[in-house]
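Structural description and commentary
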Amino acid sequence: MEKPNYNVSVNGQDVLKNATQTDLDFIRLDDNNYHILYGERSFMATLEKVDYFRKSFVFNINGGIYEVKVADQFDQTVDRLGLTTHASTKFKDVKAPMPGLVLEVMVEPGQKIEKGDTLLILEAMKMENVLKSPGDGVVKKVKVEKGAAVNKNQILLEME
């Protein structure tokens, strides 16, 4: 059986192409501490932040902060096919997907948001709908407030 290959980048620079587990290995010591084996070198690392969706890990190694991204064979195939271009698309406005009542606004102007962050909660048809950010950005203007009734496709937030 063929071993899976990985591409690994550190702080945006490719470090390994088509690596196997014998090239790079992480040994978990406890919840946040790892022993990393890279070639013939060994490192102790503390995991500071994880983004499983982006397969991104931020480590503290000897006082330095390093962002490590891992791309498995499926990520590489999607990239080769050019199917990742939508991920970097900017979005301008957040619109109401249906008529409803604004229960909570979770953001404010000037706030930086990332894909998946909760923006607001909209009640529609006696159900609470959590509206999440479709991408990264900065809130330019909040066009609704808590308790406001909104129509379908009404602009709720303007983004920069």
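Scroll up for the structure.
Described in the following lines is the structure provided in the data block.

**Overview of the overall build of the protein chain**
- Check the secondary structure of the protein chain and you find one helix and 15 strands.
- When each of the 160 residues of the protein chain is scored for burial, the buried share is 27%.
- For the protein chain, restricting intrachain contacts to residue pairs at least 6 apart in sequence, the fraction spanning at least 24 positions comes to 41%.
- If you sum the accessible surface of the protein chain, you get close to 11,100 Å²; carbon and sulfur atoms cover 51% of it.

**Topic: unusual backbone geometry**
- Residues other than glycine seldom take positive phi values, yet Asn62 does so here, at roughly 55°.
- A relative accessible area of 74% means that Asn62 is categorised as exposed.

**Quick look at the sheet that holds strand β10 (residues 112–113)**
- Spatial strand order, β8-β15-β13-β10: four strands in an open sheet with antiparallel pairing. Only two strands of the sheet have a single partner each, and these edge strands are β8 (93–95) and β10.
- Judged from the three bridges that link them, strand β13 (residues 137–142) and strand β15 (residues 155–159) form a sheet pairing that is antiparallel. The partner of Val139 across the bridge, within β15, is Met159.

Rules of the game
Residues numbered from 1 in each chain as written. Predicted model: local features only at pLDDT ≥ 70, side-chain atom pairs only at ≥ 80, totals over all residues. Heavy atoms only, no water. Helix = DSSP H or I, 4+ residues; strand = E, 2+ residues; numbered from the N terminus. Buried < 20%, exposed > 50% of the residue type's maximum accessible area, 1.4 Å probe, protein only. Contact = heavy atoms within 4.5 Å. Areas by Shrake-Rupley, 256 points an atom, 1.4 Å probe, with all protein chains shown as cover. Pairing = 2+ DSSP bridges.

So yeah, pure geometry; function would need other evidence.
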